[in-house]
Amino acid sequence: VGKTYLATKFANENFKNVIYINIADDTGKVFIDILNKHISIGDEKKLLLNTLIEYSKTFTNTKDTVVIIDEIQESSLVYNKIRSFNRLMYCRFIVTGSYLGRTFLSNDFWESAGDFKTITIYPLSFREFLGAVGNDVVNLFDTIDLYGNSSKESYDLLKEYYNAYISIGGYPAVVNTFLKELDMRTVYDLYDKLLLIFAKESARYLQSEEYIILIKTAFNYFARLLIREKKGMQNNNAGEELIKLSKKLNYREGSLNFNKKQYTAVLSWLLSNYALYGCDKAIDCDLMNIEYNQRFYFNDLGILNYLLINMEIDKDISMGIRNKNYVCIVLKNKKLMTNFATFANYELDFLLKDSEHIYGIEVKTGKDSGKSVMKAYEKGKIDKILYLKGDTYGGVDGNKITIPIYLFERFNFKPTRYNNLDNIDIFRK
């Protein structure tokens, strides 16, 4: 997603001296060898200082120096020095990792709470995708009216870009490749390679080559679950459902014979690395009655589109799936809850509560309105309806709000804020 590019760009623009170390290549090997040599000497307070002085002739332990340590998940020895980076050095540090799920799953890594700030880099949002196209369309996105009071030509133009975005996705390298070549076949070839790389590297961290097939199977599984549009999972367990579904599917690799524990490990891995987003189920539209991780969406629409293309499903069905996945991505980017809801024989695409309202969110490809969300409104399960449609210019009718789906990033929910110190005065004296 461009983490190394962003880190080095930021460092070069804000520091006089930039030291770069990649734990996954020769620079990392040299750094670790020097680090181990100084560990044997036993002076912990000067360990990092002496290591960096020996590693780089340009290093100075001052605040205008920044050390970038890339792919830190490759070494627990270096990862576990984060507290020392912060507390014993004057220079600054940026550490990055591709598969930090490894640090969650291994006892060799420990977190130094309070000694670092975390930034998670995601694929490009739709607005950021427009930024790759040009500043004019970004300005249009920022200023167009949400409810239909701008020119139809402007809405139609953004809709075209949105349709491209939910096909190409948000990985910068993929977007750049498409903009240069304007050929979706090249994009699909790139995703084919990216998924294979991800499967191989995941298998390395899960410590078994057999996971290569299992990871590839899992991506297809979760795409098929979205096609099926079930009300959650029959057994409330993704591992069991993955076993069932994989037995029904024919893969070139032959029949798969993995157990529930292995499938559960894969699911945990995909969620911890944000390859997938879990979506919870609110039973009877009750946000206090939740079944967790009952639906799964992809963190990138290009990967999802690539999987759906290979399954050769109907174009409208594919569009509907990607639209809902896009809404989930936007909610995640807004740091909001991601829940769908059921009641009686009805289902809401998403249910969300802010400080003032409970929204039933209905995602539609065309102009039609959903029966489920209207029933929820009539029964008092929700007090606001938010329609996100592909074929609309937007509008407001009482408690029914309609906006074009491609403008959802600009819709503002009111955050819920609680102040539990209202009656506590000791800090004000």
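Residues numbered from 1 in each chain as written. Predicted model: local features only at pLDDT ≥ 70, side-chain atom pairs only at ≥ 80, totals over all residues. Heavy atoms only, no water.

**Q** Give a detailed account of the overall build of the protein, specifying residues and quantitative values.
**A** Looking only at helices and strands, one finds 17 helices and 12 strands in the protein. Against the 2.2 N^0.38 benchmark of 22 Å for 429 residues, the protein shows a C-alpha radius of gyration of 24 Å, consistent with a compact globule. Classification of the 429 residues of the protein by burial places 47% in the buried group. Sequence separation of at least 24 residues holds for 65% of the intrachain contacts in the protein that already meet a minimum separation of 6. Counting every atom, the protein has about 22,600 Å² of accessible surface; 49% of that belongs to carbon and sulfur. Each charge sign in the protein was given a centre, from 57 positive and 53 negative side chains, and these centres are 3 Å apart. (Helix = DSSP H or I, 4+ residues; strand = E, 2+ residues; numbered from the N terminus. Rg over C-alpha atoms; globule rule 2.2 N^0.38 Å. Buried < 20%, exposed > 50% of the residue type's maximum accessible area, 1.4 Å probe, protein only. Contact = heavy atoms within 4.5 Å. Areas by Shrake-Rupley, 256 points an atom, 1.4 Å probe, with all protein chains shown as cover. Lys, Arg positive; Asp, Glu negative; His and termini not counted. Charge placed at Lys NZ, Arg CZ, Asp CG, Glu CD.)

**Q** Could you give an account of the side chain of asparagine 273, with specific residues and numbers?
**A** Its location among the elements puts asparagine 273 in the loop between helix H14 (260-272) and strand S4 (276-283). Look at asparagine 273 and you get buried, because its relative accessible area is 15%. There is a polar contact of 3.1 Å between the side chain of asparagine 273 and the backbone oxygen of tryptophan 269. Ignoring anything within four residues of it in the chain, the contact list for asparagine 273 reads Ser98, Tyr99, Leu100 and Gly101. (Polar contact = N/O pair within 3.5 Å; in protein donor to acceptor, adjacent residues only side chain to side chain.)

**Q** Go over the confidence of the model for the protein, please, and point to the residues and values.
**A** Reading fine detail from the predicted coordinates is not recommended where pLDDT is low. Residues with a pLDDT of 70 or more make up 91% of the protein, whose mean pLDDT is 89. The spread of mean pLDDT over the elements of the protein runs between helix H13 (residues 238-248), the lowest at 65, and strand S2 (residues 65-70), the highest at 98. The low-confidence segment residues 251-255, where pLDDT is below 50, has 5 contacts with residues more than four positions distant or belonging to other chains. (pLDDT = per-residue confidence, 0-100.)

**Q** How would you summarise the sheet that holds S4 if you had to cite specific residues and measurements?
**A** Strand order across the open sheet formed by 4 strands is S5-S4-S6-S7, with mixed pairing between neighbours. Every other strand in the sheet has two partners, leaving strand S5 (290-298) and strand S7 (346-348) as the edge strands with one partner each. If you compare each strand with its neighbour and ignore which way they point, the axes differ by 30° on average. Here S4 pairs with S5 via 6 bridges, running antiparallel. Of the residues in S5, the one forming a bridge with tyrosine 277 is tyrosine 297. Where H14 meets the sheet, it contacts S4 and S5, and its direction lies at approximately 105° from that of S4. (Pairing = 2+ DSSP bridges. Axes fitted to C-alpha atoms, helices over the stretch in contact; angles between N-to-C directions.)

**Q** Explain helix H7 (residues 126-133) to me, using residue names and the numbers behind them.
**A** Turning to H7, its buried residues number three or more, namely Phe126, Phe129 and Leu130. Take H7 and look down its axis: the buried residues cluster within an arc of 100°, on one side only. The elements touched by buried residues of H7 are helix H8 (135-143), helix H9 (152-168), helix H10 (172-181) and helix H16 (315-333). (Arc of directions from axis to C-beta.)

**Q** Can you lay out the sheet that holds S2 for me, pointing to particular residues and giving the numbers?
**A** Sheet architecture is open: 3 strands sit in the order S1-S2-S3, paired in parallel fashion. Looking at strand neighbours, the two that pair on one side only are strand S1 (17-22) and strand S3 (92-95), the edges of this open sheet. Going from strand to strand, the sheet's axes swing by 15° on average, the running direction of each strand aside. Pairing geometry for S1 and S2, over 6 bridges, is parallel. Across the sheet, residue valine 18 finds its bridge partner in S2, namely valine 66. Contacting S1, S2 and S3, helix H1 (residues 3-14) runs over the sheet at an angle of about 175° to S2.

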